[in-house]
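So you can see what is in the structure, the chains are spelled out below.
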Amino acid sequence: MSPRPRRFSSLALAVTVALGLTPALALGPTPAQAAPVTAPASPSAPAAPAQRDPLPTPAVEAPTPDVLDVDIDATGLDEQAQQRTQTPFGTAPTVGEDAALGRQIASYGGTGATRYDFADGFEKTAKALTLECTVRFDDGLSDGDDESRGNFCGAKEGGGYSLTVYGSTLKMMVNVDGKYYGAGVPIEQGVWYHATGVWDGKAVSLYLDGTKVAETPTTGSAISAPPKTAAHQFFLGADTNGSGNPQFHGTVSLAGAGIYSRALSGEEITARYASTFAGRTEDQASFALTSPAPGSRLTAPTTLEGTLEHEQLLAQPLAYTLDGEPVSLGDEVGPGLAAGEHTLAWTGLDQFGEDVSGQETFTSTSIPTAGGTEQSSGKGSAQLTARATSPTGEDLRTTFLAGEISSATGTRQGVIEAADVAEDGSVAGDVTLQDAKRTGEKLAPGDGKDLDSPVTAKVPALRTEIPFTEAGQQVAWSGQVDPARSVSLLLLNPGTGRYEVADTARGSSEGDTELLASATAAQGAGGTLRALVIGTDPFADDLDEPVKDGFEDPDDVDFSLMHITDTQYLSQGATQKATAAEREEWASAYEDSYRWVAEHGEEHKLAYVAHTGDIIEDWNTGATDRGKAEEEMQFASETQKILEDTGVPHSVLPGNHDNLGGGDTGTDSLYNQYFGAERYEALAQQDSWKEAGAEYHPWKEGDNDNSYTLFSAGGQDFIALSLGYIVTDEEAAWASDVLDQYAGRDAILLTHAYNKPSSEPDGRGGTFSQDGQIIREQILEKHPNVALVLSGHEHGVSIGVRTDVGEAGNDVVELLADYQFYEVGSDQLGLTEEGGYGKDTGLRFGAAFFRLLQFDLDRGEVSVDTYSPYMDEFGATEYDTKDRYDGREDDFRLPVQFQGRTTAFTTDALVGITPTDDVIGEVTHASGEDASVTWKGLKNKKVYGWFAVSRDAAEVSGDEETLSEEARSLALDPTKDGGIVQVSAFTAFKKPLKDKASGVTSSEEGSAGTE
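Scope of this entry: the structure provided in the associated data block.

About the thresholds
- Residues numbered from 1 in each chain as written.
- Predicted model: local features only at pLDDT ≥ 70, side-chain atom pairs only at ≥ 80, totals over all residues.
- Heavy atoms only, no water.
- Core = buried A, V, L, I, M, F, W, Y, C linked by side-chain atoms within 4.5 Å.
- Buried < 20%, exposed > 50% of the residue type's maximum accessible area, 1.4 Å probe, protein only.
- Helix = DSSP H or I, 4+ residues; strand = E, 2+ residues; numbered from the N terminus.
- Contact = heavy atoms within 4.5 Å.
- Axes fitted to C-alpha atoms, helices over the stretch in contact; angles between N-to-C directions.
- Parallel < 35°, antiparallel > 145°, perpendicular 65-115°, else oblique.
- Nonpolar A, V, L, I, M, F, W, Y, C, P; charged D, E, K, R; others polar.
- Pairing = 2+ DSSP bridges.
- Polar contact = N/O pair within 3.5 Å; in protein donor to acceptor, adjacent residues only side chain to side chain.
- Phe/Tyr/Trp six-rings, centres within 6.5 Å; stacked < 30°, edge-to-face > 60°.
- Lys NZ or Arg CZ within 6 Å of the ring centre and 35° of its normal.
- Expected span 1.5 Å × (residues − 1).
- Salt bridge = Lys/Arg side-chain N within 4 Å of Asp/Glu carboxyl O.

**Things to note about the nonpolar core**
One finds F711, L815 and F855 to be the most contacted residues of the largest nonpolar core, which totals 84 residues. The greatest single-element share of this core, amounting to seven residues, is contributed by helix α5 (residues 580-600). Once residues within four sequence positions are removed from consideration, F855 is found in contact with V557, D558, F559, S560, L561, L788, E861, V862, V896 and F898. With 46 residues, the next largest nonpolar core counts C133, V174, Y193 and A257 among its residues.

**Topic: the packing of helix α4 (residues 568-576) against helix α6 (residues 626-644)**
Interaxial distance between α4 and α6 falls to 9 Å at its minimum, and their mutual angle equals 110°. The angle between the axes of α4 and α6 places the two elements in the roughly perpendicular class. Between α4, through L570, S571, Q572, A574, T575 and Q576, and α6, the contact on the second element is made entirely by K628, E631, E632, F635 and A636. For the contact of α4 with α6, the residue count by class is four nonpolar, four polar and three charged.

**Observations concerning the sheet that holds strand β29 (residues 381-389)**
Spatially, three strands are ordered β28-β29-β58 in an open sheet, and the strand pairing comes out antiparallel. In the strand order of this sheet, the two ends are held by β28 (369-378) and β58 (930-935), each with one partner. Adjacent strand axes in the sheet meet at a mean angle of 15°, parallel and antiparallel pairs treated alike. Bridge count for β29 against β58 is six bridges, and the pairing is antiparallel. In the sheet register, L384 faces β58, and the bridge partner there is V933.

**Regarding the side chain of N493**
Looking at where N493 falls in the secondary structure, it is placed in strand β37 (residues 486-493). Reaching out from N493, the side chain makes a polar contact with the side chain of E500 at a distance of 3.3 Å. The residues touching N493, leaving out its near neighbours within four places in the chain, are R498 and E500.

**Structural notes on the side chain of H650**
Tracing the backbone through its elements, the reader meets H650 in strand β43 (residues 650-651). By relative accessible area, which is 1% here, H650 ends up buried. Here V648 takes part through its backbone oxygen, which lies 2.8 Å from a polar atom of the side chain of H650.

**Digging into the packing of aromatic side chains**
Applying the stated criterion across every chain, the model contains 41 aromatic pairs. For the ring pair W699 and W734, a centre distance of 6.1 Å and an interplane angle of 75° mean the geometry is edge-to-face. Of this pair, W699 sits in strand β44 (residues 695-700) while W734 sits in helix α10 (residues 729-741); the two residues are 35 residues apart in sequence, bridging distant segments of the chain. Each member of the pair, W699 as well as W734, carries the same accessibility label: buried. By the ring-pair criterion, three or more aromatic residues cluster together here, those being F559, Y608, F711, F718, F855 and F898. One Lys or Arg, K171, reaches over the ring of Y166 and ends 5.3 Å from the middle of that ring. Looking at R844, its charged tip hangs above the ring of F821, at a distance of 3.8 Å from the centre.

**Quick notes on unusual backbone geometry**
The omega torsion across S291 and P292 is 0°, close enough to zero to call that bond cis. Look at H310: it is not a glycine, yet its phi comes out positive at around 55°. Relative to the assigned elements, H310 resides in the loop between β22 (305-309) and β23 (319-322). Even without a glycine there, the phi angle at K941 is positive, about 65°. You can see K941 is positioned in the loop between β58 and β59 (943-952). Judged by its relative accessible area of 61%, K941 is exposed.

**Things to note about α10**
The terminal C-alpha atoms of α10 lie 18 Å apart, and with 13 residues this matches the ideal 18 Å at 1.5 Å per residue to within 8%. Where α10 is concerned, the buried positions are E731, A732, W734, A735, S736, V738 and L739. Turning to α10, the residues buried within the fold contact β44, β45 (703-713), β46 (716-723), β47 (746-751), α11 (772-778) and β48 (786-791).

**Examining the sheet that holds strand β10 (residues 169-176)**
Ordered by their spatial adjacency, seven strands build an open sheet running β3-β6-β15-β8-β9-β10-β11, and the pairing between neighbours is antiparallel. In this open sheet, the two edge strands, each paired with only one partner strand, are β3 (86-89) and β11 (179-186). Pairs of neighbouring strands in the sheet enclose a mean axial angle of 20°, with direction left out of account. Pairing analysis gives six bridges linking strand β9 (residues 160-166) to β10, with the strands arranged antiparallel. The residue bridging Y166 from the neighbouring strand is T169, located in β10.

**Regarding the pattern of salt bridges**
The tally for this structure, following the rule as stated, stands at 43 salt bridges. A salt bridge links R136 to D98; the nearest nitrogen and oxygen atoms lie 3.1 Å apart. Taken together, the residues span a long stretch of sequence, with R136 in strand β7 (residues 129-139) and D98 in strand β4 (residues 94-98) at a distance of 38 residues. The residues R136 and D98 share a single accessibility class, namely buried. Through salt bridges that share partners, D482, E545, K548, E552, R859, E861 and R893 make up one connected network.

Here you go:
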């Protein structure tokens, strides 16, 4: 049979099997047990770690800050030294008790900040300075020297000072007589630091936890304040920009900040550190291995398990290795281990930077690795074949045992609600099967009869009963499942009253999917096993999509959507560059995207175009040259006319560079003068819009700051909801009402600042940007019809596939794509001489790229390609000046939860199989080679099961009866001896069986597939 699909099972099976004489059920080795050892030595809890290093004893009294004093534990975010005015920005930090530090802290999520009026601060600190901040970076540390996610404590804008992380290096920065100096060291994410920067007139120094760690000499006599008085502000959670607003937010937790008008001594800094950390916990994170148990002897596959004490104190998850190779808790261990000693090691840090590491050893027998089974049949006999590999390369002894078959009875099929499936995958024992239908199918393996579940947006389910024989009886399911879906086998636990997951797997495009579980005596109480099989939608971002140049075949697409954003530098260049030739190139880079719509939109079934803001550059916070902004708006408006002439429904929304950072809104705004509601109301009267079922609606009369557009594509109805920069409670409430009104439509939410860029090579992950949290909490969590969020604003890419937004089944894809900072060389553009640039100077032409989202509604998937018509190139990766990504962020395929995304599975077989002491045959064979026997005397249309028990030949001895008993004992309980068990079942036929799906007749001598 085909390769076993990827596993997502908490049981970690050592599974491979094949069932079938002609068509057959393919299963696998029996499941690993919790702790298969012969000498249990597992501790019940982690061993106590060494005592935490004591805090230093202060030699002097801790001083009190005189310029700025924020102590979250004492007075929250209020400033105590000068009673400075406090102004919040964005999402408010979460204030609460920290288990590690033992005091109140404020956690900033990367979008909020707190500003303190610092008008007199630079005068007080001109000749000497100490800046103190207790911080933990919760996210955002990376390679390189980018500061965009690393600011948390300071006032640095062309002058001033700050504590800032550049990549993963924490620096004290100070501007002395117009020049910045820095002193810094690398830090770890998740660790608390008492960071103190000092400038004494001669050098800038950085202290961490009371110890000087870096120093840089300085030249000059005084600290330079930021040149703009508006920037004379101090921030927590960010840094100031020239207008006194926050920028470069950090995702950090803070315990407080202090500024002194003098250089503290080392002893004083140590005293402040000891005082701040005085309430820290004495608890320590620790790990204890439980399976395989330390000092035990492993004889069969098991699940890697352990106990973590005080896990919340870890800075990051522990890393594990087995014999030097990376492993994870929940992995299966055993197969492939040679006899002898093995070492499981773990490493990590706690939130105070202290080492959390250790290792344990255990021994194992030589445990073979299962290689799969197959069989061929005809004329009353079957050829059974099993493969296994010894880790030592020595010969193996494989015993073939007949199995007793228990057939399913009383089978019913129906659907259950997604909410019926708990987070651990279990289902209540009394769950109601909606639209339940009884089936008379025996669910026999390979009998040519399949049972199709309902095709549903809910959870398809099959419930049945199987006669119980004894503990260790195998329950086996096989069938077909879409590779983008999962199927799970659950057995009722009478003790808990719930169906609990026994095995689960993703579907396979290569062949059948198999599930296998070992029944316990408790599950078989009363003589019956009660089984439930459910199909689920994992909504996982693991769909195969090779990176290539080219769009999807339009024949495979129902419709497509163009996402373009942050065209500001193109609008600016088209109007502000010095020469006509330069302006023409910048203009073409913008215009060509819309010309592509005119020339190729119909070919690619383009149904909608979404621009998510920052249409122009020069109307951001603090901008005063309205004339320059009007020139850019006029150009962008004329460029938009190219798109409008195509007749494709579309929308725009204002970014922070279009509305003065949220300060220029309403009907009289500059943005509404050029892209007002009346423009789109007129467009909606076009025949092309009406043919697409498109309607335009502003959020208020004459105000296009927010809007929604109705349209239809691919036979389904959609609503595109647009929200401009700085989403208010009023706007969120309006959006919520609109989505209530159109709850039957699939919704696409368009906004400017939802997520920040990912730092991962594949573009996955990203924290909230300015409006992310309010949109998530007030809109997405309340409206399950929102399936897709598109945004810009932040420079880079993030891809989020979320299954945790609101109720179960409310799955959302979140895509950020902002290429505005990507640079193309002036040589490539032919502008080096024209613009008087140096050789191949990087120019910000990144917004010449757009994304085309291509939807397959039947599969519930979207394929995304990134393309620039101006350069005729696919993939923008190479132009990212930060070299963050590897191409997978520009060409990918994702699930999307539009209506019509359904789940189903087809059952070929569901049976119980119990090993008997009837030996079919026994073979000694070389490691990795086939072991084969012939099973004779088979009856037509009867179901048969068999087990293959493979052990090192050198460890197998005794008479035939003893070997039979040992093999059966191991088949029932693989923990009893070293070896691997594989199980299979099939229906015997004397004559060929016609394949219903393909119309092909199977040969009597044909063989079933192998793993």
